Amino acid sequence: MKTRLFAALVAVTAAGAVLAHEGVENETVLARMEGMKELGQQLKTLGAMAKGQQAFDADAAQAALDRIAEGAAQIAGQFEAEVVVEKSEARPAIWRNWEDFTAKADALAQRSAALRVTRPGDLGPALRDLGGACKACHTDYRE
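Right, let's walk through the structure included here. (Residues numbered from 1 in each chain as written. Predicted model: local features only at pLDDT ≥ 70, side-chain atom pairs only at ≥ 80, totals over all residues. Heavy atoms only, no water.)

Counting across every chain of the model gives four aromatic pairs. Between Phe 101 and Tyr 141 the ring centres are 5.4 Å apart and the planes differ by 85°, which places this aromatic pair in the edge-to-face class. Residue Phe 101 is located in helix H5 (residues 98-114), and its partner Tyr 141 is located in helix H6 (residues 123-141); the two are separated by 40 residues in the primary sequence. You can call Phe 101 buried: its relative accessible area is 2%. Three or more aromatic residues link up through ring pairs in this structure, and these residues are Phe 79, Trp 95, Trp 98, Phe 101 and Tyr 141. (Phe/Tyr/Trp six-rings, centres within 6.5 Å; stacked < 30°, edge-to-face > 60°. Helix = DSSP H or I, 4+ residues; strand = E, 2+ residues; numbered from the N terminus. Buried < 20%, exposed > 50% of the residue type's maximum accessible area, 1.4 Å probe, protein only.)

Moving on, we come to helix H3 (residues 58-78). Between its first and last C-alpha, H3 extends 30 Å over 21 residues, near the 30 Å set by a 1.5 Å rise per residue. Among all positions in H3, only Ala 61, Gln 62, Ala 64, Leu 65, Ile 68, Ala 69, Gly 71, Ala 72, Ile 75, Ala 76 and Gln 78 are buried. Structurally, H3 contributes buried residues whose contacts are with helix H2 (27-50), H5 and H6. Among the residues of H3, the N-terminal cap falls to Asp 57, whose side-chain oxygen and the backbone nitrogen of Asp 59 are separated by 2.9 Å. (Expected span 1.5 Å × (residues − 1). Contact = heavy atoms within 4.5 Å. Polar contact = N/O pair within 3.5 Å; in protein donor to acceptor, adjacent residues only side chain to side chain.)

Our next topic: H6. Here H6 is 19 residues long and its end C-alpha atoms lie 26 Å apart, about the 27 Å a rise of 1.5 Å per residue gives. Taken as a whole, H6 has its buried residues at Leu 123, Gly 124, Ala 126, Leu 127, Leu 130, Gly 131, Ala 133, Cys 134, Cys 137 and Tyr 141.

This part is about the nonpolar core. Counting residues in each nonpolar core, the largest one holds 29 residues, and the members touching the most others are Leu 46, Ile 75, Leu 108 and Leu 130. Elements with a contribution of two residues or more to this core: H2, H3, helix H4 (93-96), H5 and H6. Counting residues per element, this core draws most heavily on H6, at eight residues. Residue contacts for Ile 75: discarding those within four places in its chain leaves Met 36, Leu 39, Phe 101, Ala 105 and Leu 108. (Core = buried A, V, L, I, M, F, W, Y, C linked by side-chain atoms within 4.5 Å.)

The subject of this paragraph is the packing of H5 against H6. H6 packs onto H5 with a crossing angle of 165° between their chain directions and a minimal axis gap of 9 Å. Considered as vectors, H5 and H6 are oriented roughly antiparallel to each other. The handedness of the crossing between H5 and H6 comes out as left-handed. Taken together, the residues of H6 that come into contact with H5 (itself represented by Asp 100, Phe 101, Lys 104, Leu 108, Arg 111 and Ser 112) are Asp 129, Leu 130, Gly 132, Ala 133, Cys 134, Ala 136, Cys 137, Asp 140 and Tyr 141. Taken together, the residues that form the contact of H5 with H6 break down as eight nonpolar, two polar and five charged. (Axes fitted to C-alpha atoms, helices over the stretch in contact; angles between N-to-C directions. Parallel < 35°, antiparallel > 145°, perpendicular 65-115°, else oblique. Left-handed = near helix turned anticlockwise from the far one by under 90°. Nonpolar A, V, L, I, M, F, W, Y, C, P; charged D, E, K, R; others polar.)

Moving on, we get to the pattern of salt bridges. Taken as a whole and judged by the stated rule, the model has six salt bridges. Taking the shortest distance from any N to any O, the salt bridge between Arg 91 and Glu 143 comes out at 3.6 Å. Of the two residues, Arg 91 is situated in the loop between H3 and H4 and Glu 143 in the segment after H6; the sequence distance between them amounts to 52 residues. A relative accessible area of 27% means that Arg 91 is categorised as partly exposed. A relative accessible area of 57% means that Glu 143 is categorised as exposed. With a closest N to O distance of 2.6 Å, Asp 140 and Lys 104 form a salt bridge. (Salt bridge = Lys/Arg side-chain N within 4 Å of Asp/Glu carboxyl O.)

And the structure:
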């Protein structure tokens, strides 16, 4: 059940990201959006495998986790500059609570780097772990 809920959340987030990019011209904000979009795409790949919509491929799943770890490691750098535009979903609380924000981004990077997916049964626990890390940050720092 949690895996299905997380997969639905990823799909909605990915769809929203496409719409959110329209009209944004600030390069800093666009880079953030693209980074988050990439994370969403990798989570979508894992979710599709977990739901059986895509054949399980251990190498592809691990590659998705590796990309999530790489992308998450860049989050703090993408948000160093306090730039918010109308379509940005970044809350000003990011810069007021910088240490907490970066700790949550680092937690996602560390969790995704530590995960290993070698069989289909590994996907559910991995998605729950990643979903918890994503939600921890999005709850406080994303509109």
